Amino acid sequence: MLRQAQHERIYDGPAVEAIDLVKDFGETRAVDGVSLAVPAGSIYGLLGPNGAGKTTTLRILLGIIDPSAGSRRVLGYDRPIEAAHSVGYLPEERGLYPAMTARDGIAFVGALRGLPLAEGRRRADQLLAQHGLGEWAKKPIRTLSKGMAQTVQLLSTMVHHPRLIVLDEPFSGLDAINQARLEELIRNEAKAGATIIFSTHVIAHAERLCERIAIIAQGKVAFEGAVDEARGRLRPIVRLRTRNEDGPWRSSIPASARREGAEWVFELPKGGPEPLLKALIDGGAGIETLAIERPGLHDAFVAIAGDAAAAAMGAVEQAA
Amino acid sequence: MMRLLRSAFVIGRRDFTATVLSKTFIFFLLGPLFPLLLGGVFGTIGARVAIEADRPAIAVTLQPNEFAQISAARQRLADAIGEKRAVQLKYFAPEADLAAQQKRLLASSSPPIQAVLSGRVGDAHLAGDVSPGDPTVSQLQLILRSALVPEMPVPQLDVTSTPKSSGSTAKDRALTAQLGQMILFFITILLSGMVLSQLIEEKSNKIIEVIAAAVPIDALFIGKLFAMLAASVLGILVWVSAGALLVNVFAAGGIAGLPPPALGWPAFMALAMLYFAMNYLLLGAAFLTIGAQAATVREVQTLSMPITFAQVLIFGLATVAVGAPDSAEGLAAAIFPLSSPMAMVARAAERPEVWPHVAALLWQTLWVALILHWGAKLFRKTVLKSGPQRKWWRRARA
């Protein structure tokens, strides 16, 4: 059951649609013909290295900036600001009023989204208690640690029970424990019926959470679809260890096979595992181990976005 | 529209409480006390200096009976023009060596002597730091002439007092108009400057993205402007109440003793408050727009000086309406949106018609809305980098 505020009209289409979005900053084209459709109730990831155009795309979808060309629909509205009461947003650059207390900071963002202040404070107290910050509710945000302040801001995006939650790089700056908590929070919100869109340069998060993804590179959508579909673009990987170094069996593995330690690694030939297995046995390979692996999202990303984008993502992931 | 106003209310409520509940608001309320205290301290020092250093006397070295004559004549003059304006006379018995006495008196510092009057009433000589035609010399001539003529009975003059004459009313109203404009100008110049830095807080706290995604930028501008207006009105209410209390306690006749404006005090005060709000909103909207373009506090500080000069220029334009609100210049000042509130407050002091104020308030409201709308649009375009970035001629060429 998807969240549906009483005052909102019934809308059954995709939570977010973008059609040929273009955004120019002076002579620079930051977004170049981005089209995507985010199904209602799904967890959707925008993947790409820094500077790929993820944040600009999200800002356009939220109505913070207008596109130079193209159109978007958010929860059925052509003007995103009209859906603002049903949307929660965590920007990449976090910020709250430091003099406000944690509960007031959350209630203020709720009030911006149409939630009465008293109700916002009540929910803020609940949320803070649920996330182990109950005793900090009445403390000014400036006295909170960075991680706590980040949690407070995250809770502020959810206080009004939005139907659409947009999170821009939500995992950056969080330690491993808080990253896991955030993943859990995202899953819970999705279970409660919210649509979640988040951008990330860490593929592992997208792989664990998302049903659908868009891979963005140099302002363009290189891939848009289900995570399995992205993986499905690659053939399964074979990892083979043999007793014999050479023999007739070598003609049954592709020329592109590479060595990783004692293993041969190559794509599963088009004929499937059975002919391969037969050829290896008949050719006297002396199979010690043979594993057929589904390719990971990272491999799919490399294949789709190209080595340069993958290298950029890898560098950022390492830094993160 | 309701959503816009509701969003503006949320922003305004946050800003108002953040301003009024901060410790610094106490200093804001005490602000006008500092110039008053400074004025009091320097006024007292100045007055003491004036008492001690001012009004040098004329030393009189005539015979005692002649000094009594000119002293009586001087008193008649003082009765007519006021004690402080009449020349001071100090008696010294004439000495044998008049030249030496004169030299010694002119060098004396206690009391300071401006000149020495010697000889006789009908044949007097004045020596000192004076020259023919000086007010001091002219006064002494009058005193000596009066001393020579036997005292005449004061002729009968029946006096009927009226509360006001047309001349004094026009003068009083012009004074009220001028004072009204001055107060409006100073309060606005003090308060609207604060609006310049209003958006810096959101920009530096990075909360601007959250707000821009949740509410229309127009609502952000309206909320911020009205929050500062509300805080300013709160301050002004405190100041006006304190001022009225002081006037009632210390001024003869209290507030009722002040020259009444053409529309009467209640209507004038109500209009003055409305025009303050309009003046604040007009200038504030313009300053908010300009300040929103600044990225740092330093940029805001750099903007402050030209902004202050612009305000002085607008005030200069508005002052032409005092005394001649129906002249071409007066009407121009009333029509030009930024000077309109100050020109119209002067009109409220000098002219009894009400309808021009209704028209002016509507006109000013329209301009507040226009400036806010343009400001929000400019903010979206230049700060949030929304909309087309290329110049129109480049777009046209493309």
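What you see is a predicted model; the values in this text were computed from it and never measured.

Draft legend 1. How the structure looks around the overall build of chain B. Counting its regular elements, chain B contains 16 helices and four strands. Here chain B, with 398 residues, has 32% of them falling under the buried criterion.

Draft legend 2. Geometry of the overall build of chain A. The secondary structure content of chain A amounts to ten helices and 13 strands. Counting every position in chain A, which comprises 320 residues, the buried fraction comes to 43%. Taking all contacts inside chain A whose residues are at least 6 apart in sequence as the whole, residues at least 24 apart take part in 72%.

Draft legend 3. Here's a closer look at the packing of helix H2 (residues 102-112) of chain A against helix H3 (residues 117-130) of chain A. All names here are of chain A. At a minimum axis separation of 8 Å, H2 and H3 run at an interaxial angle of 130°. Taken together, the axes of H2 and H3 lie oblique to each other. The two elements H2 and H3 cross, and the hand of that crossing is right-handed. The segment H2 lies against H3, with Ala 102, Arg 103, Ile 106, Ala 107, Gly 110 and Ala 111 engaging Leu 117, Gly 120, Arg 121, Arg 123, Ala 124, Asp 125, Leu 127 and Leu 128. Tallied by class, residues from the contact of H2 with H3 come to eight nonpolar, two polar and four charged.

Draft legend 4. View of the interface of chain B and chain A. Taken together, the contact between chain B and chain A spans 21 residues of the former and 25 residues of the latter. Sorting elements by how many residues they give to the side of chain B that touches chain A places helix H9 (residues 208-214) of chain B first, with six residues. Its residues assigned to classes, the side of chain B that touches chain A shows twelve nonpolar, five polar and four charged.

Draft legend 5. Structural detail: the environment of A:Pro295. All names here are of chain A. With respect to the helices and strands, the residue Pro 295 is situated in the loop between strand E13 (287-293) and helix H9 (297-305). Note: C-alpha distance between Pro 295 and Ala 230 (65 residues apart in sequence) is 9.5 Å. Ignoring sequence-local partners within four residues, the contact set of Pro 295 consists of Arg 231, Leu 234, Pro 236, Ile 237 and Ala 300.

Draft legend 6. Structural detail: the confidence of the model for chain B. Mean pLDDT over chain B stands at 80; residues scoring 70 or higher make up 86%. Overall fold confidence for the complex sits at a pTM of 0.70, while the interface term, ipTM, reaches 0.77.

Draft legend 7. Region of the structure containing the pairing of strand E12 (residues 263-267) of chain A. Residues and elements named next belong to chain A. As judged from the four bridges shared by strand E10 (residues 237-242) and E12, these two strands associate in the antiparallel manner. Bridge pairing links Leu 240 to Trp 264 in E12. Sheet analysis places strand E11 (residues 258-260) next to E12, joined by three bridges and oriented antiparallel. Note that in E12 the partner of Arg 259 across the bridge is Trp 264.

Draft legend 8. Main features of the environment of A:Ile106. Residues and elements named next belong to chain A. Relative to the assigned elements, Ile 106 resides in helix H2. In this structure Ile 106 comes out as buried when scored by C-beta crowding, with 31 C-beta atoms within 10 Å. Separated by 48 residues in sequence, Ile 106 and Leu 154 have C-alpha atoms that sit 8.9 Å apart. If sequence neighbours within four positions are ignored, Ile 106 has contacts with Gly 120, Ala 124, Leu 127, Val 152, Leu 155, Ser 156 and Val 159.

Draft legend 9. Examining helix H4 (residues 146-156) of chain A more closely. All names here are of chain A. Buried residues dominate H4, accounting for eight of its eleven residues. All of the buried residues in H4 are Ala 149, Gln 150, Thr 151, Val 152, Gln 153, Leu 154, Leu 155 and Ser 156. Along its buried surface, H4 packs onto strand E5 (87-90), H2, H3 and helix H5 (176-191).

Draft legend 10. Quick peek at the pairing of E10(A). Residues and elements named next belong to chain A. Side chains of E10 alternate between two faces, with Val 238, Leu 240 and Thr 242 buried and Ile 237, Arg 239 and Arg 241 left unburied. Where E10 meets E13, six bridges bridge the pair, whose relative direction is antiparallel. Residue pairing for E13: Val 238 is matched across the bridge by Ile 292.

Draft legend 11. Highlighting the sheet that holds strand E3 (residues 113-120) of chain B. All names here are of chain B. Ordered by their spatial adjacency, four strands build an open sheet running E2-E1-E3-E4, and the pairing between neighbours is mixed. Two strands lie at the open edges of the sheet, namely strand E2 (89-91) and strand E4 (123-128), each paired on one side alone. Direction aside, neighbouring strands of the sheet carry axes that sit 30° apart on average. Relative to E3, strand E1 (residues 57-60) is paired through four bridges, and the arrangement is parallel. The partner of Ala 59 across the bridge, within E3, is Val 116. In the packing of helix H5 (residues 98-107) onto the sheet, the strands contacted are E1, E3 and E4, and the crossing angle to E3 comes to about 160°. The strands touched by helix H6 (residues 135-148) are E1, E3 and E4; relative to E4, the strand with the most contacts, the crossing angle is about 160°.

Draft legend 12. Structural detail: the confidence of the model for chain A. In the predicted model, chain A carries a mean pLDDT of 85, and 92% of its residues have values of at least 70. Taken element by element, the predicted model of chain A shows its lowest mean pLDDT in helix H10 (residues 307-319) of chain A (55) and its highest in H2(A) (94).

Draft legend 13. A look at unusual backbone geometry. All names here are of chain A. Phi at Asp 20 is positive, roughly 50°, even though this residue is not glycine. By the element assignment, Asp 20 lies in strand E1 (residues 16-25). Residue classification places Asp 20 among the partly exposed residues on the basis of 14 C-beta atoms within 10 Å. Despite not being glycine, Leu 75 has its phi angle at roughly 50°, a positive value. Mapped onto the elements of the fold, Leu 75 is located in the loop between strand E4 (69-74) and E5. Look at Leu 75 and you get buried, because 24 C-beta atoms sit within 10 Å.

Draft legend 14. The arrangement of the sheet that holds strand E2 (residues 28-38) of chain A in detail. Residues and elements named next belong to chain A. Taken together, three strands build an open sheet; the order of strands is E2-E1-E4 and the sheet is antiparallel. Each edge of the sheet is formed by a strand with only one pairing partner; in this case those strands are E2 and E4. For this sheet, the mean inter-axis angle between neighbouring strands, taken without regard to orientation, is 20°. By the bridge criterion, eight bridges tie E1 to E2 in an arrangement that is antiparallel. When the bridges of E2 are listed, Leu 21 appears paired with Val 34. Sheet strands touched by helix H1 (residues 54-62): E1, E2 and E4. Its angle to E1, the strand with the most contacts, is close to 120°.

Draft legend 15. Here's a closer look at the packing of helix H14 (residues 340-350) of chain B against helix H15 (residues 355-383) of chain B. Residue and element names in this part refer to chain B. Running from N to C, H14 and H15 cross one another at 170°; their axes reach a closest spacing of 11 Å. On the basis of the axis angle, H14 is roughly antiparallel to H15. As for how H14 packs across H15, the hand of that crossing is left-handed. Residues Ser 340, Pro 341, Met 344, Arg 347 and Ala 348 of H14 lie in contact with H15, whose contacting residues are Pro 356, His 357, Ala 360, Trp 363 and Gln 364. Among the residues making up the contact of H14 with H15, the classes are represented as six nonpolar, three polar and one charged.

Draft legend 16. Summary view of the environment of B:Leu105. Residue and element names in this part refer to chain B. Among the structural elements, Leu 105 can be located in helix H5. What makes Leu 105 buried here is the crowd of 21 C-beta atoms within 10 Å. Through-space distance from the C-alpha of Leu 105 to that of Ala 59 is 7.4 Å; in sequence the pair is 46 residues apart. Setting aside chain neighbours within four positions, we find Leu 105 in contact with Ala 59, Phe 92, Ile 113 and Val 116.

Analysis parameters
Counting of residues starts from 1 at the beginning of each chain's written sequence and follows it residue by residue. Following the order in which they are written, the chains are lettered starting with A and the ligands numbered starting with 1. Local features in this predicted model are restricted to residues whose pLDDT is 70 or higher, and side-chain atom pairs enter the listing and the counts only when it is 80 or higher, whereas totals over whole chains, interfaces and linings include all residues. Counting from the N terminus, the helices are DSSP H or I runs at least four residues long and the strands are E runs at least two residues long. Counting other C-beta atoms within 10 Å of its own, a residue is labelled buried from 20 upward, exposed at 12 or fewer, and partly exposed in the gap between, with every C-beta atom placed from the backbone. Each residue gets a C-beta atom placed from its backbone, and two residues are in contact if those atoms lie within 7 Å. Angular values range over 0 to 180 degrees, each being the angle between N-to-C directions of two axes fitted as lines to C-alpha atoms, with helices fitted over their stretch in contact. Angle categories are assigned with fixed cut-offs, so that under 35 degrees is roughly parallel, over 145 is roughly antiparallel, 65 to 115 is roughly perpendicular, and the rest are oblique. Put simply, a crossing is left-handed when the front helix is turned counterclockwise from the back one by less than a right angle, and right-handed when it is turned clockwise. For this classification, Asp, Glu, Lys and Arg are treated as charged, while Ala, Val, Leu, Ile, Met, Phe, Trp, Tyr, Cys and Pro are nonpolar and the rest, including Gly, are polar. How sure the predictor is of each residue is captured by pLDDT, a score from 0 to 100. Strands qualify as paired when DSSP identifies two bridges or more between them.

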